[in-house]
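Coordinates in review
So you can see what is in the structure, the chains are spelled out below.
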Amino acid sequence: SRQFQVVSDPQWNRLVVGEVGRGLAAFDGKGTPAGALSEPRGMAVDERNRVYVADTGNDRIVVLQASTEFEQVTLTPLFTVNGLNSPYDVAYSDGGTPFVDGDDALLVANTGRNEVRSYALEPAGARETARVGQLGSGDGAFAGPMAVTFGRDNGASTPVAYVADAHNRRLVELR
């Protein structure tokens, strides 16, 4: 078995990629249709080797296809999710059915708007399906959502999501 890793490096506006125990390379997006990355932060990966990157400084999510040949990893932009404000983290859900299209989702901690957005992943890109949040500390409010993840059970995603709400110092459960 071989393992590859992708690490975000927001200080240098790049992703560092490579096979574990082998050489590393950098991907900064320059010269690609998606353009240069700016402060890439949280990432998620799906079972088809698509990497979802919170491109915080560009107010978008960049979706990349990871391809491997020998010890080399190549990242190719597929599409972007625009219209965000300082997205800080992303989470991928297989909808409880790994390798089955049609129920996959992406959750985004849209930190600059103190909200969480959900997107259905479709062949042509992502379609927003829901959003929750405003500045505050009560139900339906956040003050700096910084991290998101989906629950897991028996190797598949559950419909429960968790949000780290930084300034309210709490973990929020979303269904």
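Preceding block: the structure.
Topic: the overall build of the chain
Scanning the chain for helices and strands turns up zero helices and 14 strands. Mapped in sequence order, the helices and strands of the chain form the string β-β-β-β-β-β-β-β-β-β-β-β-β-β. Taken along the three principal axes of its C-alpha coordinates, the chain extends 50 × 35 × 30 Å. Across the 175 residues that make up the chain, the buried fraction comes to 43%. Long-range pairs, those at least 24 residues apart, make up 40% of the contacts in the chain between residues at least 6 apart in sequence. For the chain, the computed accessible surface area is about 9,200 Å², with 47% contributed by carbon and sulfur atoms. The positive charge centre, built from 16 side chains, and the negative charge centre, built from 22, are 4 Å apart in the chain.

Overview of the environment of A141
Within the element layout of this structure, A141 appears in the loop between β11 (125-132) and β12 (145-153). Among the residues examined, A141 registers a relative accessible area of 5% and is labelled buried. Separated by 26 residues in the primary sequence, A141 and E115 have C-alpha atoms spaced 7.3 Å apart. Look past the residues within four positions of A141 in its chain and what remains in contact with it is Q134, L135, G136, D165 and R170.

A closer look at unusual backbone geometry
Of note in the backbone geometry, N13 takes a positive phi value of approximately 55° without being a glycine. Tracing the sequence through the fold places N13 in the loop between β1 (4-9) and β2 (14-19). Here N13 falls in the partly exposed class, since its relative accessible area comes to 30%. In this structure, E39 takes a positive phi of about 55° despite not being glycine. With respect to the helices and strands, the residue E39 is situated in the loop between β3 (24-27) and β4 (40-45). Judged by relative accessible area, E39 falls into the partly exposed class, the value being 33%.

Calculation rules
Residues numbered from 1 in each chain as written. Predicted model: local features only at pLDDT ≥ 70, side-chain atom pairs only at ≥ 80, totals over all residues. Heavy atoms only, no water. Helix = DSSP H or I, 4+ residues; strand = E, 2+ residues; numbered from the N terminus. Buried < 20%, exposed > 50% of the residue type's maximum accessible area, 1.4 Å probe, protein only. Contact = heavy atoms within 4.5 Å. Areas by Shrake-Rupley, 256 points an atom, 1.4 Å probe, with all protein chains shown as cover. Lys, Arg positive; Asp, Glu negative; His and termini not counted. Charge placed at Lys NZ, Arg CZ, Asp CG, Glu CD.

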